[in-house]
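# Architecture and fold: a report
Residue strings, one per chain:
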Amino acid sequence: MDSFAELGSLVRDTARCRSLGALFLLASASALTGLLVACGGGSGGDAPAPAPAPAPTPSAPIAAQLTVPTPVGYDADRLAAFNRLNEIRLSAGLGMLAQSTRMDQAAQAHAEWMVANDSFTHEEVVGTIDFTGVNWAQRDEAFGYVPVEGDEVMTGPAHGAQGVDGLVNTAYHRADMLAFEPVDVGIGWSPLFATNISMPLVIDMTRPGTDAIRGMGQSAQTSIDGVAVWPLNGARDVPVQLGLETPNPVPTQDVSTLGTPVSITVAESRTITSMSFVVTNSSDGTVLPTRILTNQNDPNFLIPESFIAAIPLGVLAPNTTYVVVFSGSAIERSTGSSEMINRTWSFTTAAQ
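Because the structure is a prediction, the values reported are computed rather than measured.

### Quick word on the packing of aromatic side chains
- Throughout the structure, instances matching the rule amount to three aromatic pairs.
- Relative to F82, the ring of Y74 lies with its centre 6.0 Å away and its plane at 55 degrees, an arrangement referred to as tilted.
- Of the residues examined, Y74 reaches a relative accessible area of 14% and is grouped as buried.
- On the numbers, 5.8 Å between centres and 25 degrees between planes, the contact of Y322 with F347 is stacked. Pair noted here: Y322 is in strand β13 (residues 321–332) and F347 is in strand β14 (residues 338–349), with a separation of 25 residues, a long-range link. You'll find Y322 and F347 in the same group, each marked buried.

### Points about the sheet that holds strand β12 (residues 307–312)
- The strand order across the open sheet built from four strands is β6-β9-β12-β11, with neighbouring strands paired in antiparallel fashion. On the outer flanks of this sheet lie β6 (228–230) and β11 (290–293), each paired with one strand and no other. For this sheet, the mean angle separating the axes of adjacent strands, direction not counted, is 10 degrees.
- Both β6 and strand β9 (residues 262–265) contribute to a ladder of three bridges, which runs antiparallel. Bridge pairing in β9 places W230 opposite S263.

### Quick word on the side chain of R174
- The topology assignment puts R174 in helix α6 (residues 172–177).
- Of the buried charged residues, R174 lacks a salt bridge, with E245 as the closest side chain of opposite charge at 8.6 Å.
- Among the polar contacts made by the side chain of R174, one reaches the main-chain carbonyl oxygen of P261 at a distance of 2.9 Å.
- For R174, the contacting residues outside a window of four places in its chain are L167, V168, N169, W230, T260, P261, V262, S263 and F307.

### Overview of the environment of M177
- Counting through the fold element by element, M177 comes out in helix α6.
- Expressed as a C-alpha distance, the spacing of M177 and M205, which sit 28 residues apart in the sequence, is 7.8 Å.
- Beyond its immediate sequence surroundings of up to four residues, M177 is in contact with L85, R89, V153, V164, L167, V168 and M205.

### A word on the pattern of salt bridges
- On inspection of all chains with the given rule, the structure shows ten salt bridges.
- For the salt bridge of R207 with E149, the shortest nitrogen-to-oxygen distance reads 2.7 Å. Taken together, the residues R207 in strand β5 (residues 201–208) and E149 in strand β3 (residues 147–155) connect sequence positions 58 residues apart.
- With relative accessibility at 9%, the residue R207 sits in the buried group.
- On the basis of relative accessibility, which here comes to 47%, the residue E149 falls in the partly exposed class.
- For E305, the salt bridge is made with R333, and the minimal N-O distance between the two is 3.8 Å. Here the residue E305 occupies a position in the loop between β11 and β12, and R333 occupies one in the loop between β13 and β14, the gap between them amounting to 28 residues.

### Observations regarding the sheet that holds β3
- Taken in spatial order, the four strands line up as β2-β4-β5-β3 in an open sheet, and their pairing is mixed. The open sheet has two edge strands, β2 (98–99) and β3, and neither has a second partner.
- Examined bridge by bridge, β2 and strand β4 (residues 184–189) share two bridges and lie parallel to one another. Residue pairing for β4: A98 is matched across the bridge by D184.

### Here's the deal with the environment of A179
- With respect to the helices and strands, the residue A179 is situated in the loop between α6 and β4.
- Distance in space between the C-alpha atoms of A179 and Q218 is 9.7 Å, their sequence separation being 39 residues.
- In this structure, A179 is in contact with R89 and L94, ignoring residues within four places of it in sequence.

### So, the packing of helix α2 (residues 76–91) against helix α5 (residues 161–168)
- Direction vectors running N to C along α2 and α5 enclose 40 degrees, while the axes themselves pass 7 Å from each other. The orientation of α2 with respect to α5, classified from their angle, is oblique. Contacts from A80, A81, R84, L85 and I88 of α2 reach α5 at A161, V164, D165 and V168.
- Broken down by class, the residue content of the contact of α2 with α5 amounts to seven nonpolar, no polar and two charged.

### Brief notes about the pairing of β14
- Taken together, the two bridges between strand β7 (residues 235–238) and β14 define a ladder with parallel strand orientation. Its bridge partner being in β14, A235 is matched across the sheet by F347.
- Relative to β14, β13 is paired through eleven bridges, and the arrangement is antiparallel. Counted as the bridge partner of V323 is S346 from β14.
- Between the antiparallel neighbours β13 and β14 lie five residues, among them G336 with a positive phi of about 80 degrees.

### So, α5
- Along α5, seven of the eight residues are buried, which leaves the element largely enclosed by surrounding structure.
- Among the residues of α5, those classed as buried are A161, G163, V164, D165, G166, L167 and V168.

### Re unusual backbone geometry
- With an omega of -5 degrees, the peptide bond running from W230 to P231 counts as cis.
- Its place among the elements puts P231 in the loop between β6 and β7.
- Residues T246 and P247 are joined by a peptide bond in cis, for which omega reads 5 degrees.
- Despite not being glycine, D225 shows a phi value in the positive range, around 55 degrees.
- Within the secondary structure, D225 is located in the loop between β5 and β6.
- Looking at D225, the relative accessible area reads 55%, which means it is exposed.

About the criteria used
Residues numbered from 1 in each chain as written. Predicted model: local features only at pLDDT ≥ 70, side-chain atom pairs only at ≥ 80, totals over all residues. Heavy atoms only, no water. Phe/Tyr/Trp six-rings, centres within 6.5 Å; stacked < 30°, edge-to-face > 60°. Buried < 20%, exposed > 50% of the residue type's maximum accessible area, 1.4 Å probe, protein only. Helix = DSSP H or I, 4+ residues; strand = E, 2+ residues; numbered from the N terminus. Pairing = 2+ DSSP bridges. Axes fitted to C-alpha atoms, helices over the stretch in contact; angles between N-to-C directions. Lys, Arg positive; Asp, Glu negative; His and termini not counted. Salt bridge = Lys/Arg side-chain N within 4 Å of Asp/Glu carboxyl O. Polar contact = N/O pair within 3.5 Å; in protein donor to acceptor, adjacent residues only side chain to side chain. Contact = heavy atoms within 4.5 Å. Parallel < 35°, antiparallel > 145°, perpendicular 65-115°, else oblique. Nonpolar A, V, L, I, M, F, W, Y, C, P; charged D, E, K, R; others polar.

These figures come from the coordinates and say nothing about function on their own.
Set out below in structure tokens:
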């Protein structure tokens, strides 16, 4: 998915959590890894040693990654994008994404390909300058990373955290960025310009098909009860309009006239449906006209079943608090079991 998102929106530095208006704790965890040590030296006897038990087959995602290794080899812009993406995910109650240097190479190669070919697109053309793969998955594989699901998001012109902020302020890109399951990320960025493109930022997010455990993905933090909302409850300085997203999630209306989306995400194995999804201006009680965007009615066929958004059909009022009330259910597709979801939260827009 492509975005020429307007940048410079929510935040500027490591105090960005405040500009989101969410007072959240970044949980730190020290993982204790147990080593099973086989001690030999029994007394006599001719009985053969028992065969080692086979390693258990993973059956569920790993717990949310609350810490990841410090990235290596990034310039300031890519490091800022990496940190901002993980700050957003932690604040939403999700797990962090770890750097994959192989995916870094793929994302960087695509950023440079776009500038070299003056084309802002996810798909490269065979035979063009610096071609490495038609789509993001093929490019990841070309550099030695086998992806399982996931996606690629892009924007430009972008500078580090600003680019990430612009992407999360859209619908399609947010659906990818707030997916529970990815565990790895690759980031590419070029400072160069062409006629139709400048400073593209490319982010690939997925899980490895070559690792049985991490390939199962990760769960959300238990504190959010399986539901990630955005904007966060209590968020401040929220942009008043949706970023300049391509494709347009409401093609009957100019994208610049749409408000910032409100969304809920659940695990990818579940389908979320709504009975009521209402956004209200708290100052006068006005219910906003919105387009409810789901997997079933998405005009561009990009929304996963695990994501739902209410897109205001008008730019939001500045310096105003909005209250969101959601009532619906999440259905586990493999079993058909259903869980009711009821959430109420609020956020405040930026002053303009």
